Amino acid sequence: MLGIADFGAFCAAIVVFLALPGPGTFALLGASAQGGFRAGAAATFGVIAGDQVLLWLAVAGVAALMAATPWLFNAVRWAGAAYLAWMGFKLLFAKDGEDASPVRIAPSHFFRQALLITLLNPKAIVFYMAFFPLFIDPATHRGLPTFAAMAVTIAVITAIWCLTLCAFAERIAGHVRAHRRLAMLLRRGAGVCLIGFGLRMVR
């Protein structure tokens, strides 16, 4: 289909990629819990925007550049680790109360946060720089139309998956906020997880 080696497998790979918990998952859950579905949707579009940037960078030749220049990938890993650790520590040591959240509850903020997390997420980088090219059929691909079809497919599947996740997070957010101690534990747990993701990136 439009030069995609196996469209069904391509779609399945995207779903598996999204289903694996990672920093992007916490960005979506956190945005939805703190700012409602609107903030979660903004974070979703941030994830989609980050995916599109990585996809078209891979098409432009960055995938080949990273394969030939290992230090470049290592630099991205360290930058991503530093960003995730910074967000994690802010969540971990935030004070209780109305202003406990370390991030401003505004859809534009969540868009930027999700975009940065996606761009610095090694899972996403590996997918687009190493795994994504495997689905391009060199015998039948049509250049730009093939890449555009892949980009649209990724965006649509990501939107459906992430918006569903955001709706679920918003639905349970009220129950969590009703239990102040549970909300605090979840916030600190998210901080620990983000710090853990950052540490795993540089191992």
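This is a predicted model, so every value here is computed, not measured.

Description of the overall build of the protein
Then, in step 1: Regarding its fold elements, the protein presents eight helices and zero strands.
Then, in step 2: Scanning the protein from its N terminus toward the C terminus, one meets helices and strands in the order α-α-α-α-α-α-α-α.
Then, in step 3: Put simply, the protein has 203 residues, and 46% of those count as buried.
Then, in step 4: In the protein, once contacts between residues fewer than 6 apart in sequence are set aside, the share between residues at least 24 apart is 85%.
Then, in step 5: Carbon together with sulfur atoms contributes 71% to the accessible area of the protein, which is approximately 10500 Å² in total.

Digging into the nonpolar core
Then, in step 1: With 25 residues, the main nonpolar core has Phe10, Ile14, Phe127, Tyr128, Phe132 and Met150 as its most contacted residues.
Then, in step 2: Put simply, the parts of the chain that give this core at least two residues each are helix H1 (7-19), helix H2 (23-60), helix H6 (122-131) and helix H7 (144-177).
Then, in step 3: A total of six residues in this core trace back to one element, the largest contributor, which is H1.
Then, in step 4: Excluding residues that lie within four positions of it along the chain, tyrosine 128 makes contacts with Asp51, Leu54, Leu55, Ala58, Pro133 and Ile154.
Then, in step 5: Core analysis: the next-biggest nonpolar cluster, separate from the first, contains 10 residues, Leu84, Met87, Ile117 and Leu194 among them.

A short note on the UniProt feature "transmembrane region" (unreviewed entry) in the protein
Then, in step 1: Those places that UniProt annotates as "transmembrane region" (unreviewed entry) correspond, in this numbering, to residues 6-29, 41-69, 114-136 and 148-173.
Then, in step 2: This span, residues 6-29, is 83% helix and 0% strand, and a straight line between its end C-alpha atoms measures 32 Å.

Notes on the packing of H2 against H6
Each pair of packed helices can be summarised by the angle the axes make with each other and by the distance between the axes.
Then, in step 1: Put simply, H2 and H6 touch, their axes get as near as 8 Å, and they point 35° apart. Our pair here, H2 against H6, has a crossing hand that is right-handed. On H6, the residues touching Asp51, Leu54, Leu55, Leu57 and Ala58 of H2 are Ala124, Ile125, Tyr128 and Met129.
Then, in step 2: Broken down by class, the residue content of the contact of H2 with H6 amounts to eight nonpolar, no polar and one charged.

Description of the packing of aromatic side chains
Two descriptors summarise a pair of aromatic rings, namely the distance from one centre to the other and the angle between the planes of the rings.
Then, in step 1: Under the definition given, this model contains four aromatic pairs.
Then, in step 2: Arranged with centres 6.5 Å apart and planes meeting at 85°, the rings of tryptophan 56 and phenylalanine 147 form a pair that is edge-to-face. In this pair, tryptophan 56 is assigned in helix H2 and phenylalanine 147 in helix H7, connecting sequence segments 91 residues apart.
Then, in step 3: For tryptophan 56, a relative accessible area of 31% puts it in the partly exposed group.
Then, in step 4: Aromatic ring contacts, followed pair by pair, group Phe17, Phe127 and Tyr128 into a single cluster.

Comments concerning the confidence of the model for the protein
Then, in step 1: The share of residues in the protein with pLDDT of 70 or more is 82%, and the mean pLDDT across the chain is 78.
Then, in step 2: Looking across the protein, the model is least confident in helix H3 (residues 62-68), with a mean pLDDT of 68, and most confident in H1, with 88.

Examining the packing of H1 against H6
Then, in step 1: Two elements in contact, H1 and H6, have axes whose closest approach is 11 Å; the angle formed by their N-to-C orientations is 160°. Viewed along their axes, H1 and H6 adopt a mutual orientation that is roughly antiparallel. As H1 runs across H6, the sense of the crossing is right-handed. Of the residues in H6, those touching H1 at Ala13, Ile14 and Phe17 are Lys123, Ala124, Phe127 and Phe131.

Notes on a nonpolar patch on the surface
Then, in step 1: Side chains of Val152, Val156 and Ile160 sit close together on the surface and give an oily, nonpolar patch of about 280 Å² of accessible area.
Then, in step 2: Mapped onto the secondary structure, isoleucine 160 falls in helix H7.

Overview of the state of the cysteines
Then, in step 1: Going through the model one piece at a time under the given rule, you end up with zero disulfides.
Then, in step 2: No disulfide involves cysteine 162; its nearest neighbouring cysteine sulfur is the one of cysteine 166, lying 6.5 Å away.

Cut-offs used in this document
- Residues numbered from 1 in each chain as written.
- Predicted model: local features only at pLDDT ≥ 70, side-chain atom pairs only at ≥ 80, totals over all residues.
- Heavy atoms only, no water.
- Helix = DSSP H or I, 4+ residues; strand = E, 2+ residues; numbered from the N terminus.
- Buried < 20%, exposed > 50% of the residue type's maximum accessible area, 1.4 Å probe, protein only.
- Contact = heavy atoms within 4.5 Å.
- Areas by Shrake-Rupley, 256 points an atom, 1.4 Å probe, with all protein chains shown as cover.
- Core = buried A, V, L, I, M, F, W, Y, C linked by side-chain atoms within 4.5 Å.
- UniProt positions renumbered as here; feature names shortened; annotations may be inferred.
- Axes fitted to C-alpha atoms, helices over the stretch in contact; angles between N-to-C directions.
- Left-handed = near helix turned anticlockwise from the far one by under 90°.
- Nonpolar A, V, L, I, M, F, W, Y, C, P; charged D, E, K, R; others polar.
- Phe/Tyr/Trp six-rings, centres within 6.5 Å; stacked < 30°, edge-to-face > 60°.
- pLDDT = per-residue confidence, 0-100.
- Parallel < 35°, antiparallel > 145°, perpendicular 65-115°, else oblique.
- Patch = residues over 30% accessible without salt bridge, like charges linked within 9 Å, V, L, I, M, F, W, Y side chains within 5 Å.
- Salt bridge = Lys/Arg side-chain N within 4 Å of Asp/Glu carboxyl O.
- Disulfide = S-S within 2.5 Å.

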